[in-house]
Amino acid sequence: MRQYDFHISRLGDYSLLIQIDSAPSKDLLNWLLIKKADLSKLLNAEVVHTYNELLVKDCISASTNIASLINKVSAALNVLVSNDDYNSVVHQIPVCYSSTYAPDLEEYASQVKCTIPEIIEIHTSIEYPIYFLGFLPGFPYLENLDARLHLDRKSVPSQSIAKGSVAIGGTQTGIYPQDSPGGWHVIGRTPISLFDATKAKPSLFKAGDVIKFYAINEADFEKIATSNNL
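Read on for an overview of the structure. Fair warning: this is a prediction, and the values are worked out from it, not measured in the lab. (Residues numbered from 1 in each chain as written. Predicted model: local features only at pLDDT ≥ 70, side-chain atom pairs only at ≥ 80, totals over all residues. Heavy atoms only, no water.)

**A word on the side chain of D209**
Take D209: it is sitting in the loop between β12 (185-189) and β13 (210-216). Among the polar contacts listed, one links the side chain of D209 to the side chain of K206, at a separation of 2.8 Å. Not counting the four nearest positions on each side in its chain, D209 is found in contact with N87, S88, V89, H91, Y128, P129 and I130. (Helix = DSSP H or I, 4+ residues; strand = E, 2+ residues; numbered from the N terminus. Polar contact = N/O pair within 3.5 Å; in protein donor to acceptor, adjacent residues only side chain to side chain. Contact = heavy atoms within 4.5 Å.)

**A closer look at the side chain of T190**
Following the sequence through the fold, T190 ends up in the loop between β12 and β13. Overall, T190 belongs to the buried group, its relative accessible area being 1%. Once residues within four sequence positions are removed from consideration, T190 is found in contact with I93, P94, V95, G164, V166, I175 and F221. (Buried < 20%, exposed > 50% of the residue type's maximum accessible area, 1.4 Å probe, protein only.)

**A few points about the environment of P103**
Here P103 shows up in the loop between β5 (90-96) and α3 (105-112). Relative accessible area serves as the criterion here: at 62%, P103 is assigned to the exposed category. As for P103 and I187, which are separated by 84 residues in sequence, their C-alpha atoms are 6.9 Å apart.

**Details of the packing of aromatic side chains**
Here the structure, examined in full by the defined rule, presents twelve aromatic pairs. For the ring pair Y131 and F132, a centre distance of 6.4 Å and an interplane angle of 50 degrees mean the geometry is tilted. The pair formed by Y131 and F132 is uniform in burial state, with each residue classed as buried. Residues F139 and Y176 carry aromatic rings whose centres are separated by 5.3 Å and whose planes lie at 85 degrees to one another, so their mutual orientation is edge-to-face. Highlighted residues: F139 in the loop between β6 (127-133) and β7 (140-142) and Y176 in the loop between β10 (172-175) and β11 (180-182), separated in sequence by 37 residues. Each member of the pair, F139 as well as Y176, carries the same accessibility label: buried. Within the aromatic cluster, the residues linked to one another by ring pairs are F135, F139, Y141, Y176 and W184. (Phe/Tyr/Trp six-rings, centres within 6.5 Å; stacked < 30°, edge-to-face > 60°.)

**Brief notes about the nonpolar core**
Judged by nonpolar contacts, the single largest core of 36 residues is most densely connected at L16, I18, W31, L39, V56, V73 and L77. Counting residues per element, the ones that place at least two in this core are β2 (15-20), α1 (26-43), β4 (53-57), α2 (66-77) and β6. Of all the elements, α1 adds the most residues to this core, at eight residues. When near neighbours in sequence (up to four residues on either side) are disregarded, V73 contacts I8, L16, I18, L39 and L43. The next biggest cluster of nonpolar side chains, apart from the first, holds 34 residues, and it includes I126, L142, V166 and I224. (Core = buried A, V, L, I, M, F, W, Y, C linked by side-chain atoms within 4.5 Å.)

**Quick look at the environment of I60**
By the element assignment, I60 lies in the loop between β4 and α2. Taking the C-alpha atoms as reference points, I60 and D13, 47 residues apart in sequence, are found 7.2 Å from one another. Sequence-distant contacts of I60, that is, excluding residues within four places in its chain, are made with R10, D13, Y14, S15, L16, I66 and L69.

**Structural notes on the packing of α1 against α2**
Contact geometry of α1 with α2 gives a least axis separation of 10 Å together with a crossing angle of 140 degrees. Taken together, α1 and α2 sit at an angle that is classed as oblique. Read as a crossing pair, α1 and α2 show a hand that is right-handed. For the pair α1 and α2, contact is made by W31, K35, L39, L42 and L43 and by L69, K72, V73, A76 and L77, respectively. (Axes fitted to C-alpha atoms, helices over the stretch in contact; angles between N-to-C directions. Parallel < 35°, antiparallel > 145°, perpendicular 65-115°, else oblique. Left-handed = near helix turned anticlockwise from the far one by under 90°.)

**Digging into α1**
Taking 1.5 Å per residue as the helical rise, α1 with its 18 residues ought to reach 26 Å, and the 26 Å between its terminal C-alpha atoms agrees with that figure. Three or more residues of α1 are buried, namely L28, L29, N30, W31, L32, L33, I34, K35, L39 and L43. Looking at the buried side of α1, the elements it contacts are β2, β3 (46-49), β4, α2 and β6. Backbone geometry just downstream of α1 places N44 in the positive-phi region, at approximately 50 degrees. (Expected span 1.5 Å × (residues − 1).)

**Remarks on the pattern of salt bridges**
Applying the stated criterion to the full structure yields four salt bridges. Residue K154 is joined to D104 by a salt bridge in which the shortest nitrogen-to-oxygen separation is 2.7 Å. In this pair, K154 is assigned in the loop between β7 and β8 (158-161) and D104 in the loop between β5 and α3, connecting sequence segments 50 residues apart. D104 carries the same exposure label as K154, and that label is buried. As a salt-bridge pair, R148 and D146 come within 2.9 Å of each other at their nearest N and O atoms. (Salt bridge = Lys/Arg side-chain N within 4 Å of Asp/Glu carboxyl O.)

Spelled out as structure tokens, the structure:
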């Protein structure tokens, strides 16, 4: 069972901010997502999560008894959460690390002082929890990147990074769902489409899911890309 200490305060005229006294972790992320859903249903309000906070938006009106509301929220937060309460999906994502699809890999390898095979082995050996989606629609912010692969973002961002590019920036790795400028180091590309605005669920991922990369060659990339109509 999991439980966390928290502090509830009013934010502005209409919202509540819940701050959790814990460093970010996969367990805390799962707890936040469970409580986010619980509070959204309980208060019929939009709830937004950060690494260790919940913001309950527009849950206060002129007639709201603030003390009663905080007690109600506290009671919901104090309900224990078991380790298997959140249904996390593990996504197996193919990545081609060939220079054709990895324009920054050689320079990146030089800077992190690893060989390219070492980078591929390290990058594909880890399960990455998704904390958020943004700055592009469907862009997954992934945690748990091995410290050997950490590298500050580029001093001069690239003007165009291709859709599907798998990249590293600072202590994180991520995937660009659309063509975009960006400052992360592109070390590969996936042929999988991550975001389709025409679908009922546009994003392939959601916060709380997990990504596991695996390496493919160029022929496999083209085959998968063709089947996905990329």
